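These are the residues of each chain, in order.
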Amino acid sequence: MAPRLQLEKAAWQWAETVKPEDITHEHIELAYRIAVLACKRGTCRRNCRGNPNCLVGIGEQSWLGEIDENAFHNIDDPNSERRDKNTFVGLTNLGATCYVNTFLQVWFHNLELRRALYRFQNSRAEGHNTDSDYEPRTICEHLQYLFALLQNSNRRYIDPSGLVKALGLDTGQQQDAQEFSKLFLSLLEDTLSKQKDPNLQNVIQQQFCGQFSYVTVCNKCGRESPLPSRFYELELNIQGHKNLAECVTEFLKEEKLDGDNRYYCESCQSKQNATRRIKLQSLPRTINFQLMRFVFDRQSGHKKKLNTFISFPEVLDMGPFLEGQEKCTYELSAVLIHRGVSAYSGHYIAHVRDAHTNDWYKFNDEEIEKMEGKKLQLGIEEDIAETAKSQTRKPKCSKGYHCSRNAYMLVYKQQMEEIDQIETNIEVPAFLQKLVDQDNKKFEEWCNEMADMRKQSVDKGKAKHEEVKELYELLPAEDGQSYEFVPLEWLKKWLDDSTAIKEIDNSQFLCSHGKLHPDNIAEVKRISLKAADLLFGRYGGISRLGQSSLCRDCVTQRCRVIRLKNQLNEDYREVMNLVKGPLKSDESGFWIGKASLRSWRQLALDQLEEDEEETKHNNSRVNGERSSSAGSKADGVKGDNEEGDGEEMKNFNEDILCYHGGLSIIENDRRVVSAEVWNKLRMYFPKAPEFPQIHESCQQCMRLEREGKENEALNRMMANEQKSSLLNLFQEKNRPTLQKWPQDTDVLYIVPHYFVDEWRKFIRRPTKSNPVSSVGNSILLCPHGGFMFTHDSMLLGDAQHIALLWPAEWEVISRMFLVDQVISICRIHDKTQDNGNVQYQTHPDLCRECREGFIFQQQRDMREYAQATVYVRKVIDKKRMIKESAPEFSVSGSDVEDEREEPKMDGENDPDFSQSEGGAKRQKLNETGSFSMAPVTAASKSCIRRSTRHRKLRGEKALIVSANQTLKELKIQIMHAFSVAPFDQNLSIDGRCLTDDSATLGSLGVIPESIICLKADEPISDYAAMDDVYQVCIPEEGFKGTGLLGH
């Protein structure tokens, strides 16, 4: 089908040759494109919006093609949650509990431990009624039930939240996996030791507990002093080692005791040089080798991970390390992996060997993968993200060995000469199996329920499919048949989801005559009357648009506009040629604005577009909107002194209208044109204001102009008189100051600096500014009538709010202006003592209550700010800046003319506000107390003032902070800005160190615009460690408060 623009052009091509009064019904149907051929399926890639008969590409493909049952529902196949045959059951990761899941899978595959737990006496489970859900209470009950589900559940994975909740673990925080293993086994041992069955009491010791001795030998007498001890795992240092044997050897190596570390020998009865080593006495059936990958970094003060490659054998002979035995063989049964470069984040998975088949499986939370063959394959677990500096080539491994940089725990089981098949087959006790069967029954019921829901949705969808398919085939309107229009978007939604559809609403497509507007034909589709009756009958609707909804008035208006647009260029050339010639001597012309004449062609186009807009929906402007023509008188007029060229022209000839709607008195903005030109223009602007050449200018404007000139003359006289009387005040010469009190007077008068600023503006431009009539001294007073400043505060920042006057100047001001309140400051000599002491007294007196309250309020505001700016400067070797350079600042155009920048000292010499590490405290106002007060009014400013704009130095960075933000959080922001880790940051403000990371910035005295100095100890070269910083923001508490420490 032809593009939309081509369809639009073809629909109105007839208008160029047909006059508006000659329009027929055939022309109207052409405008609404009734006869355009409908598109066939397969010919359009998308729907032709310009063709009301195109019903292709509106969503019908899913209803006319082959049926896809999955399109009728959003329910996953419940069988995807079912456990496959001969596979193990996974565990759900509850957020950050992958470290728990790995150990649970390892302990589940310890057959002796599982068998012992099944013998654990559980009277609650044995007497449980299957009518209700079983809820374990103790740790052993949870673990027993969890192992039973892992063994015989029909689910692909189970939820361990019951056990995790019983332990009190935070599911959102990843904990130390090795510490969890130690604490959990200790808790389990303590619980099982209270059982009556001796085999159950000692199962943890039998499985995991070995013995070694710290043997100290005196070098002088040779006496051995053994100190026996038990272990549940061997913690091996991996730094500097390549394989497991080297790690064990270092663990058992001999240590020399000499110097201050000498040993007190009981035989020698004195301190002697000695040697000390660990001797392994006995080994458990299962050895847990904890590879110490997570170590404390003294330089950073936090944990880090060692990504060192360590090789380990599948078969380990511990005989050489054991005292008194020749051979003791162990087989590798599990490898626990930590994926990630950081000690505070990453993911834990477990590789475990099945005791029945000797096959290796990878347990990754819910996902379980069987390794190919019978060999352990670590695979992707070694492909971790790492920095360029830490990349190390993986060493070659001998046959029977494996190599890993992420393994943090190796589990070896003692090798048996003959393995009894009965020993590997563990049956779930009947009382537990009953609970598992109950859970399996619930799972099967859920599967059946989901399958039924899927089937119902599919059946309903199929029925709807046939219904919609039949209805869609009725949509096309044949030639000569009755038809209606329905919205295109409604049809799309109907085909997208026919079960949840709103009623049909055509009201938005109506013109001002209540019919279908021709411009909206692209938003609707023409369908058969039969299909329309079915759709409206089923879904309801308003504003049905049938054959009688084609609007003749809108078509006629569009035809007129098209013809005028075609004629516009010709008329424009004719008008511009006519205005070049002079008027005839006996001809009377018309006034026209010069700006209107220059832009009348564009205005005509805008006017034609506006005429078309007026034919659209009659509700389009019901909510208070106006067309530009309706508001021309209110919005388009201009004053006598305004320039018309600088504003956008809205309506023709509005540039010669005054505020009163009459002819403007500014003759330079208008000219006279002939009647012929005016009549041509009236065709395009029938509502334009008309002024014949004999029309007089606005009398009101002429009267105001005369009065304005008289007022300007009066203002000049007044300004000259005031300037001559107060010349020094205007020129800022010979001004009194408080820093150096004048010797020839004891009284000075005070006025607001704002009054002086406004007065100077009037003196400079008396014809452009309003004269100042009064001195508003009340803005310097509190509600009680007291003065708000002290002598000392006016020496500091408060001086920007006031201006000092000589007594003679005050007499002039009192005579020329209205004064609401006299404010003065007096110098008083102490006549009782000849020591030269001088005091200063203001009139009115200082209001101490309001002054003190204002100071406290401002101090509190400084401590309770939000989204304020502070500046951080990096310091090297106690220098103020990295490199002193010119300040970087910008001045806006409005400030350049009369603003002079001066250096500003931040927070210096401010006696009323001191900052301490404990926070800013409220200061008691004393006789000479002062405070740098903020402007009393928004308008108060000085002609020559100090800029409050901070001068940013090169290398300094601005940060957005809040008062309730902690220092630790600020350090994180600084880390992002300067790439300096928080533990390397030394921060200070005004020479005071900021050290309490948990304190808020407000309590530390950090206020807006503060300058914080940063001194970095050493930059971090390993950017992988920067990832740890995000985790150490929160103090590490380990398993504090959990059930693991409750026993």
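Under an unreviewed UniProt entry, the name given to the protein chain is Ubiquitin carboxyl-terminal hydrolase 48, and the organism recorded is Carassius auratus. Quoted verbatim from the Catalytic activity (unreviewed entry) heading of the UniProt record, the comment on the protein chain is "Thiol-dependent hydrolysis of ester, thioester, amide, peptide and isopeptide bonds formed by the C-terminal Gly of ubiquitin (a 76-residue protein attached to proteins as an intracellular targeting signal)."

**Observations regarding the overall build of the protein chain**
Summing up its helical and strand segments, the protein chain has 30 helices and 37 strands in all. Burial analysis of the protein chain (1047 residues in total) assigns 45% to the buried set. Partitioning the intrachain contacts of the protein chain with sequence separation of at least 6 by distance along the chain shows that 74% fall at a separation of at least 24. Accessible surface, the protein chain: about 56,000 Å² in total, of which carbon and sulfur atoms supply 47%.

**Describing the side chain of Arg558**
Note on placement: Arg558 falls in helix α17 (residues 552-578). A polar side-chain atom of Arg558 sits 2.3 Å from a polar atom in the side chain of Asp519.

**Description of the confidence of the model for the protein chain**
In the predicted model, the protein chain carries a mean pLDDT of 80, and the fraction of residues at 70 or more is 81%. With pLDDT under 50 throughout, residues 619-646 is counted as low confidence; its partners more than four residues away or in other chains account for 44 contacts.

**What to know about the state of the cysteines**
Going through the model one piece at a time under the given rule, you end up with zero disulfides. The structure places no disulfide on Cys221, whose sulfur is separated from the nearest cysteine sulfur, that of Cys265, by 3.5 Å. On the basis of relative accessibility, which here comes to 38%, the residue Cys221 falls in the partly exposed class.

**Here we look at the environment of Ile204**
Checked against the element boundaries, Ile204 lands in helix α11 (residues 203-208). Owing to a relative accessible area of 0%, Ile204 belongs among the buried residues under this scheme. With 15 residues separating them along the chain, Ile204 and Glu189 place their C-alpha atoms 5.8 Å apart. In this structure Ile204 touches Leu113, Leu185, Leu188, Glu189, Leu192, Cys209 and Tyr232, once residues within four positions along its chain are discounted.

**A short note on helix α29 (residues 967-978)**
In a regular helix each residue adds 1.5 Å, so twelve residues correspond to 16 Å; α29 covers 16 Å between its end C-alpha atoms and thus fits that length. Residue Ser979 follows α29 closely and has a positive phi angle near 60 degrees.

**Here we look at the sheet that holds strand β31 (residues 824-829)**
Pairing in this open sheet of four strands is antiparallel, and the strands run β29-β27-β31-β32 from one edge to the other. Strand pairing shows two members of the sheet lacking a second neighbour, β29 (802-805) and β32 (838-843), which therefore form its edges. When the angles between neighbouring strand axes are averaged without regard to direction, this sheet yields 30 degrees. Along the sheet, helix α24 (residues 753-764) makes contact with β27 (747-752) and β29, crossing β27 at roughly 70 degrees.

**A short note on the pairing of β29**
The alternating pattern of β29 places Ile802 and Leu804 on one face and Ala803 and Leu805 on the opposite face, and all of these are buried. Inspection of the sheet shows β27 paired to β29 by four bridges, in the antiparallel sense. Across the sheet, the residue bridging to Pro752 is Ile802, located in β29.

**Details of the sheet that holds strand β6 (residues 255-257)**
If you trace the four strands from one edge of the open sheet to the other, you get β4-β3-β9-β6, paired in antiparallel fashion. A single partner strand is all that each edge strand has here, and the edge strands are β4 (224-231) and β6. Each strand of the sheet is rotated relative to its neighbour by a mean of 30 degrees, with strand direction disregarded. Note: β6 against strand β9 (residues 274-282), three bridges, orientation antiparallel.

**Points about the side chain of His791**
With respect to the helices, strands and loops of the structure, His791 is situated in helix α25 (residues 791-795). Once residues lying within four places of it in the same chain are set aside, the contact partners of His791 are Leu738, Ile825 and Tyr840.

**As for the packing of aromatic side chains**
Two descriptors summarise a pair of aromatic rings, namely the distance from one centre to the other and the angle between the planes of the rings. Applying the stated criterion across every chain, the model contains 31 aromatic pairs. Relative to Tyr412, the ring of Phe289 has its centre 5.7 Å away and its plane inclined at 80 degrees; by these criteria the two rings are edge-to-face. Of this pair, Phe289 sits in strand β10 (residues 286-291) while Tyr412 sits in strand β20 (residues 407-414), and the two are 123 residues apart along the sequence. With centroids separated by 5.8 Å and ring planes inclined at 55 degrees, the aromatic side chains of Trp600 and Tyr684 adopt a geometry described as tilted. Taken as a pair, Trp600 in helix α19 (residues 600-613) and Tyr684 in helix α21 (residues 675-684) lie far apart in primary sequence, 84 residues in all. Like Trp600, the residue Tyr684 is buried in the burial classification.

**Some points on the pattern of salt bridges**
Going through the model one piece at a time under the given rule, you end up with 32 salt bridges. Notably, a salt bridge pairs Glu235 with Lys182, separated by 2.0 Å at the nearest N-O pair. One end of the pair, Glu235, is in strand β5 (residues 234-236); the other, Lys182, is in helix α9 (residues 177-192), with 53 residues separating them in the sequence. You can call Glu235 partly exposed: its relative accessible area is 33%.

**Digging into the packing of helix α4 (residues 98-108) against helix α7 (residues 139-152)**
Following both chains from N to C, one finds α4 and α7 inclined at 75 degrees, their axes separated by 11 Å at the closest point. By the angle between their directions, the pair α4 and α7 is classed as roughly perpendicular. Seen from α4, the contacting residues are Leu104, Gln105, Trp107 and Phe108; seen from α7, they are Leu143, Leu146, Phe147, Leu150 and Gln151. Here the residues of the contact of α4 with α7 sort into seven nonpolar, two polar and no charged.

**Observations regarding the environment of Gln377**
Examined against the element boundaries, Gln377 turns out to sit in the loop between β18 (367-370) and β19 (401-404). Looking at Gln377, the relative accessible area reads 36%, which means it is partly exposed. Beyond its immediate stretch of four places on either side in the chain, Gln377 contacts His351, Met371 and Glu372.

**Concerning the nonpolar core**
Within the largest apolar cluster, 64 residues are counted, with the highest numbers of intra-cluster contacts made by Trp107, Leu167, Phe180, Phe184, Leu188, Leu192 and Leu336. The biggest single contributor to this core is α7, with nine residues. Counting contributing residues per domain, this core is built from domain 2 (80-197 + 425-454) and domain 3 (209-383 + 397-414), each supplying no fewer than three. Those residues in contact with Leu336, other than ones at most four positions away along the chain, are Thr102, Phe103, Val106, Ile349, Ala350, Asn406, Ala407, Tyr408, Met409 and Val411. The next biggest cluster of nonpolar side chains, apart from the first, holds 36 residues, and it includes Leu291, Leu306, Ile337 and Leu378.

**A look at unusual backbone geometry**
Of the consecutive residues His843 and Pro844, the connecting peptide bond is found in the cis state with omega at 0 degrees. Residue placement: Pro844 occurs in the loop between β32 and α27 (848-863). Although it is not a glycine, Arg33 adopts a positive phi angle of roughly 60 degrees. A residue is classified by how much of its surface remains accessible, and Arg33, at 5% relative accessible area, is buried. Even without a glycine there, the phi angle at Ser979 is positive, about 60 degrees.

Basis of the calculations
- Residues numbered from 1 in each chain as written.
- Predicted model: local features only at pLDDT ≥ 70, side-chain atom pairs only at ≥ 80, totals over all residues.
- Heavy atoms only, no water.
- UniProt positions renumbered as here; feature names shortened; annotations may be inferred.
- Helix = DSSP H or I, 4+ residues; strand = E, 2+ residues; numbered from the N terminus.
- Buried < 20%, exposed > 50% of the residue type's maximum accessible area, 1.4 Å probe, protein only.
- Contact = heavy atoms within 4.5 Å.
- Areas by Shrake-Rupley, 256 points an atom, 1.4 Å probe, with all protein chains shown as cover.
- Polar contact = N/O pair within 3.5 Å; in protein donor to acceptor, adjacent residues only side chain to side chain.
- pLDDT = per-residue confidence, 0-100.
- Disulfide = S-S within 2.5 Å.
- Expected span 1.5 Å × (residues − 1).
- Pairing = 2+ DSSP bridges.
- Axes fitted to C-alpha atoms, helices over the stretch in contact; angles between N-to-C directions.
- Phe/Tyr/Trp six-rings, centres within 6.5 Å; stacked < 30°, edge-to-face > 60°.
- Salt bridge = Lys/Arg side-chain N within 4 Å of Asp/Glu carboxyl O.
- Parallel < 35°, antiparallel > 145°, perpendicular 65-115°, else oblique.
- Nonpolar A, V, L, I, M, F, W, Y, C, P; charged D, E, K, R; others polar.
- Core = buried A, V, L, I, M, F, W, Y, C linked by side-chain atoms within 4.5 Å.
- Domains from an automatic or database assignment.

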